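Read off the chains here:
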Amino acid sequence: MRHEHLPPERRSRLTRRGRLALFLTALFTVGAVVLIPVFRGAPEPEAPRRLVIPEGWRAPQVYAAVDRELRLPAGSTKAAVATAGLPLPAEARGNPEGYLFPATYPVTSKSTPATLLAHMVRTANDKLATRAVADGGKAHGMTPYQTATMASIIEAEADGRADMGKVARVVHNRLAKSMPLQMDSTINYALNRSTVDTKLSETRINSPFNTYERQGLPPTPIDSPGLAAMAAAVAPTPGDWLFFVTVKPGDTRFSATYDEHKKHVAEFNRLRAKAGPAAGK
């Protein structure tokens, strides 16, 4: 049956506010569908491993540690030095000895020998550029490289941080008097070893690191000095000492005269003989 008397149907129309609400509802609905999978699939950040470089390590020890940490064949890090473009001073002539700063470094899957070595060298440069070290070095007429070289001897020779300032004073006093430094640590470096025993014949070896026969600092640092050794190098403890010997751990004797020094050396030898051959290893 026809209902011609009924009014025609009217199409509903959205108001301007209604259209905006509908648009925003659709936008947030689509966004939720798209964003949820992205958030759920994001990878967790990589937790870095730690590479610890102790004070007093020589460059070969650092190279070996990096090889082990990165699981590389032995010699890989040493070989990378030539092409790593390390920010070394001109005096170093490409040799990073003394500039592989002792610290803890983060290691990730993106780490390479070049990136780790560069981080160490930049850190060493930063420490040498600290105001106290830089100003102290200038006051003594030393370049940063000379500061690193002296600090490396202090690092090797001092029995502990408490003695670093006195060891530094011995070095400065000997340099001022044009005396050979006569440091066993530089002989050890030349012979690629570490010992407290130095034979008379070894003090006559032909090496630029033989500070028994050659005056002045050795041509390069002999290890990686820390900040405490750098600070001692430029701010030595006041004193007139020219000699020292560590008689036993925690007991380093400093002397201004050779006669006094000989007495301390005799005490060292007496204690060594009492302890037996193993004490020198």
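Before reading on, note that the structure itself is shown above.
Basis of the calculations
- Residues numbered from 1 in each chain as written.
- Predicted model: local features only at pLDDT ≥ 70, side-chain atom pairs only at ≥ 80, totals over all residues.
- Heavy atoms only, no water.
- Helix = DSSP H or I, 4+ residues; strand = E, 2+ residues; numbered from the N terminus.
- Buried < 20%, exposed > 50% of the residue type's maximum accessible area, 1.4 Å probe, protein only.
- Areas by Shrake-Rupley, 256 points an atom, 1.4 Å probe, with all protein chains shown as cover.
- Lys, Arg positive; Asp, Glu negative; His and termini not counted.
- Salt bridge = Lys/Arg side-chain N within 4 Å of Asp/Glu carboxyl O.
- Contact = heavy atoms within 4.5 Å.
- Phe/Tyr/Trp six-rings, centres within 6.5 Å; stacked < 30°, edge-to-face > 60°.

**Q** Would you take a moment to explain the overall build of the chain for this structure?
**A** For the chain, the count of helices and strands is 10 helices and 4 strands. Scanning the chain from its N terminus toward the C terminus, one meets helices and strands in the order α-β-α-α-β-α-α-α-α-α-α-β-β-α. Buried residues in the chain amount to 38% of all 281 residues. On the chain, roughly 17300 Å² of surface is accessible, and the fraction owed to carbon and sulfur atoms is 56%.

**Q** Mind showing me how you'd approach the side chain of Glu 155 here?
**A** Structurally, the position occupied by Glu 155 is in helix 6 (residues 144-157). Comment: no salt bridge for buried Glu 155; closest opposite-charge side chain is Arg 161, at 6.5 Å. Contact partners of Glu 155, with chain neighbours within four places excluded, come to Glu 55, Gly 56, Met 164, Asp 223, Ser 224, Pro 225, Gly 226 and Ala 229.

**Q** Would you take a moment to explain the packing of aromatic side chains for this structure?
**A** Aromatic ring pairs: the centre-centre distance and the angle between the two ring planes describe each pair. Evaluation of the coordinates by the stated rule reveals 5 aromatic pairs. Both rings, one in Tyr 99 and one in Tyr 145, keep their centres 5.9 Å apart while their planes meet at 20°; by these two values the pair is stacked. Residue Tyr 99 is located in the loop between helix 3 (76-80) and strand 2 (104-107), and its partner Tyr 145 is located in helix 6; the two are separated by 46 residues in the primary sequence. Under the relative-accessibility criterion, Tyr 99 is labelled buried at 1%. Here the aromatic rings of Trp 241 and Phe 254 are separated by 5.7 Å at their centres, their planes lie at 50°, and the arrangement is tilted. In this pair, Trp 241 sits in the loop between helix 9 (227-234) and strand 3 (243-248) while Phe 254 sits in strand 4 (residues 251-255), placing the two residues 13 residues apart along the sequence. Across this residue pair, the class does not change: Trp 241 and Phe 254 are buried. Taken together, the ring pairs in this structure connect Trp 241, Phe 244 and Phe 254 into an aromatic cluster.

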